[in-house]
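Here is how the chains run, residue by residue.
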Amino acid sequence: MWWCGLAVLLTIFEQPAQAQGDRAAVRMEGRVVFRVGPSAEAAAPARARRIEQRLTALAGKEGDIPGAEVTASGEERAILIGGVLIVTVSKSDADDHLLALDALAAQWAAALDEALARSEFRHRSGWVRFGVQVQASVRTAFSRLGESAITVVPGALAAILVICLFWAIASAVRVVMRAIFRRIVDDLTVENLIKQVAYYAVWFVGIFVAADALGFEPQSVVTGLGLTSLALGFALKDILSNFVSGLLILFMRPFELGDQISIGDTEGSVERIDLRATQIRTYDGRVALVPNADLFTSRIINNTASPCRRGAVEVFTGYELDVAKLVPLIRDAAQSAPGVMDEPPATVLIAQLGPSDIAFEVRYWSDSRRSDFVATASAVRLDILTALKETDTPLPEPNVRVLVPCDAAGWRDAFGPASPKT
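Residues numbered from 1 in each chain as written. Predicted model: local features only at pLDDT ≥ 70, side-chain atom pairs only at ≥ 80, totals over all residues. Heavy atoms only, no water.

Reading across from one edge, 3-4-5 is the order of the 3 strands in this open sheet, with antiparallel pairing throughout. Looking at which strands have only one partner, the edges of the open sheet turn out to be strand 3 (68-73) and strand 5 (84-89). If you compare each strand with its neighbour and ignore which way they point, the axes differ by 30 degrees on average. Across 6 bridges, the pairing between strand 3 and strand 4 (residues 76-81) is antiparallel. By the bridge assignment for strand 4, Thr-71 is matched with Ala-78. (Pairing = 2+ DSSP bridges. Helix = DSSP H or I, 4+ residues; strand = E, 2+ residues; numbered from the N terminus. Axes fitted to C-alpha atoms, helices over the stretch in contact; angles between N-to-C directions.)

In this structure the tally under the stated criterion is 9 salt bridges. Here Asp-95 ties to Lys-91 by a salt bridge, and the two come within 3.0 Å at their closest N and O atoms. One end of the pair, Asp-95, and the other, Lys-91, are both in helix 3 (residues 91-97), 4 residues apart, so they sit about a helical turn from each other. Judged by its relative accessible area of 43%, Asp-95 falls in the partly exposed class. (Salt bridge = Lys/Arg side-chain N within 4 Å of Asp/Glu carboxyl O. Buried < 20%, exposed > 50% of the residue type's maximum accessible area, 1.4 Å probe, protein only.)

When pLDDT is averaged across the protein, the result is 77; 74% of the residues are at 70 or more. Within the protein, the element-level pLDDT minimum falls on helix 1 (residues 2-13), averaging 42, and the maximum on strand 13 (residues 358-367), averaging 91. Segment residues 1-21 is flagged for pLDDT under 50; beyond a separation of four residues in sequence, or across chains, it makes 34 contacts in the model. (pLDDT = per-residue confidence, 0-100. Contact = heavy atoms within 4.5 Å.)

Written out as structure tokens, the structure reads:
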């Protein structure tokens, strides 16, 4: 969300300057002559720069400069100096200055005459003119910087205050949602979804309000969002993919908070589902953050989706035993182990006939949670082993035995290499 808001604001800053102010100052040698608004052909800053270029060209001419003349043309007034068009005064300019069209044209003509009359640039030599031009450029730059600061700084401070306010509101909404839905909703996943949607919705509104505090219209913000959608799609592809996948996971709910899942090499309990990543605590106590895009597109095993889970252990016996009596013995021992469910009952199958032993697979059902499942498997093995020993049932012995003599050094000397014959 922060990256999206920043990209939108950067795009809006690149819009024409009238979004930040309706007028731009026309300066000559760093001094403000008058201020103009946007025209049908150009924005206010571009229009002001064009007028400044014409004034600079006039000031550089030799000889006397005639006074400004105002000519009428419909609902516009053209101000000319020496037959050169300097600026066209429109009806919108007059409305912006709260003056009549002729009055504003006369005011701007007088201001132009005064600026050209006091111009130091016209009465100096070439090098001095260069210095005056540099000085005027520096003065103009600092003047514009000061005007921008006066215009932008209050809006920026207001935007910061708005962001802080909406941050507090979003945090309060999340706390209130948690307190309310824990009383009326037992599903932690639904509670998490509602909290996050409400939290980011407040932030989204806050970005628009902060943009308005900076002087941008909501339409400009929406336009900026539309202009940057393609760039955001490429630059933030992974982030947006995780965000959308997080929403889909929260809506479709392939797993919930507290479920024990396995994805790739990561297996553990789901502790938190955010809109970017899901937090999983592994069985050894570590925390793994898995991107939601990987969870949504990969194969997930939900070990606790069902309350019960089938387990299996292997038992090996010799061929000399009576299988008809051995199978009920093993089945009863597994069924009586702590943690084994009565339904479905435990079963014993012959899994493999080896060269020296028979492999039995003992299947049983227990609680699906990892701790209970592992503890039940250990209890089943222990009870089967105890039952076999109590009935004196022999267990298979290895085919190969390694015998180590007590006096290894003596045997080594006895069977050592014989001394060479002379």
